[in-house]
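Inside the fold
For reference, the chains in residue letters:
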Amino acid sequence: MPAPPRHVAIIMDGNGRWATSRGLPRTAGHTVGERALADVVEGATEIGIRYLTVFAFSTENWNRPPAEVRFLMTFIRRMLRPRRDALHAQGVRIRWLGRISELPPELVTEIEAAERLTAGNTGLTLAVCINYGGRSELVDAARRIAEAAAARSLDWTCRADRRSCP
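For every chain, the first residue of the written sequence is number 1, and numbering continues from 1 onward in sequence order. Local features are withheld for residues below a pLDDT of 70 in this predicted model, meaning they are given only at 70 or higher, and side-chain atom pairs are given and counted only at 80 or more; totals for whole chains, interfaces and linings count all residues. Where side-chain values are given, they derive from all heavy atoms of the structure, hydrogens and water being excluded.

1. What about unusual backbone geometry?
- For Asn-131, which is not a glycine, the phi torsion comes out positive at approximately 55°.
- Structurally, Asn-131 can be placed in strand β4 (residues 125-132).
- Unusually for a residue other than glycine, Arg-152 sits at a positive phi of about 55°.
- Numbering of helices and strands runs from the N terminus, with a helix taken as a DSSP run of H or I at least four residues long and a strand as a DSSP run of E at least two residues long. With respect to the helices and strands, Arg-152 occurs in the segment after α5 (134-150).

2. Overview of the nonpolar core
- In this structure, Val-41, Trp-96, Leu-103, Leu-126 and Ile-130 are the most contacted members of the largest nonpolar core, which totals 26 residues.
- Going through the elements one at a time, α2 (26-47), β2 (51-58), α3 (66-89), β3 (93-97), α4 (105-118) and β4 are the ones with two or more residues in this core.
- Of all the elements, α3 adds the most residues to this core, at six residues.
- Contacts are assigned to residue pairs with any non-hydrogen atoms lying within 4.5 Å of each other. When near neighbours in sequence (up to four residues on either side) are disregarded, Leu-103 contacts Trp-62, Met-73, Val-108, Ile-111, Ile-130 and Asn-131. In this description, a nonpolar core means a group of buried Ala, Val, Leu, Ile, Met, Phe, Trp, Tyr and Cys residues linked to one another through side-chain atoms lying within 4.5 Å. Between buried and exposed lies partly exposed: a residue is buried under 20% and exposed over 50% of the maximum accessible area for its type, with that area taken using a 1.4 Å probe on protein chains only.

3. Some details on the pattern of salt bridges
- One side-chain nitrogen of Lys or Arg within 4 Å of one carboxyl oxygen of Asp or Glu is enough to make a salt bridge. A full pass over the atoms with the stated rule returns nine salt bridges.
- In this structure, Arg-26 engages Glu-68 in a salt bridge whose closest nitrogen and oxygen atoms are separated by 3.0 Å. Here Arg-26 is found in helix α2, whereas its partner Glu-68 is found in helix α3, with 42 residues between them in sequence.
- On the basis of relative accessible area, Glu-68 is assigned to the buried category, the value being 7%.

4. Thoughts on α3
- A helix is expected to span 1.5 Å multiplied by its residue count minus one. Compared with an ideal rise of 1.5 Å per residue, which puts 24 residues at 34 Å, α3 spans 35 Å between its outermost C-alpha atoms and is within 8% of the ideal.
- Taken residue by residue, α3 has Glu-68, Val-69, Leu-72, Met-73, Phe-75, Ile-76, Leu-80, Arg-84 and Leu-87 as its buried positions.
- On its buried face, α3 is in contact with α2, β2, β3, α4 and β4.

5. Observations concerning the pairing of β3
- Only one face of β3 is buried: it carries Ile-94 and Trp-96, and the other face, with Arg-93, Arg-95 and Leu-97, is open.
- DSSP bridges decide pairing: two strands pair if at least two such bridges lie between them. In terms of strand pairing, β3 meets β4 through five bridges, oriented parallel. Paired with Trp-96 across the bridge in β4 is Val-128.
- With strands facing away from the observer, any crossover in which the path from the first strand over the helix to the second runs clockwise is taken as right-handed. Between the parallel pair β3 and β4, the chain is carried across by α4, and the sense of this crossover is left-handed.

Here it is as structure tokens:
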């Protein structure tokens, strides 16, 4: 059997459409999708995948109906604590990527607690992209580079050929 990939990324898309196509409210699709994600994390851990990145909520998702966005923010916060504890018990490290500070404060509190609790775990790293987007990621990266340049802390020694990179 071939070795599993080191890193797998999943765009969590279509949960609302899945539910609607079955005559269910869109929120039911998010609930089913979260359970499916738990199964994927368990399977990834079992077969030895080191990194699993899931794209959960993009900056464009703020354009969804306000009731759905409220549901998602509350849903993520409510399910995070029990999932975080179970993942911690499995040795999973949880990382959150995106514009976390722009999320509701009570969700940010849970996100930070999950990262702190699992920071020392050495099993699967689960990276959850939340409030992310291609444009916003480029803007954030350019801002960090500009700040580092202004502080004169950019390391220019790493060339494209990577021979001089740390």
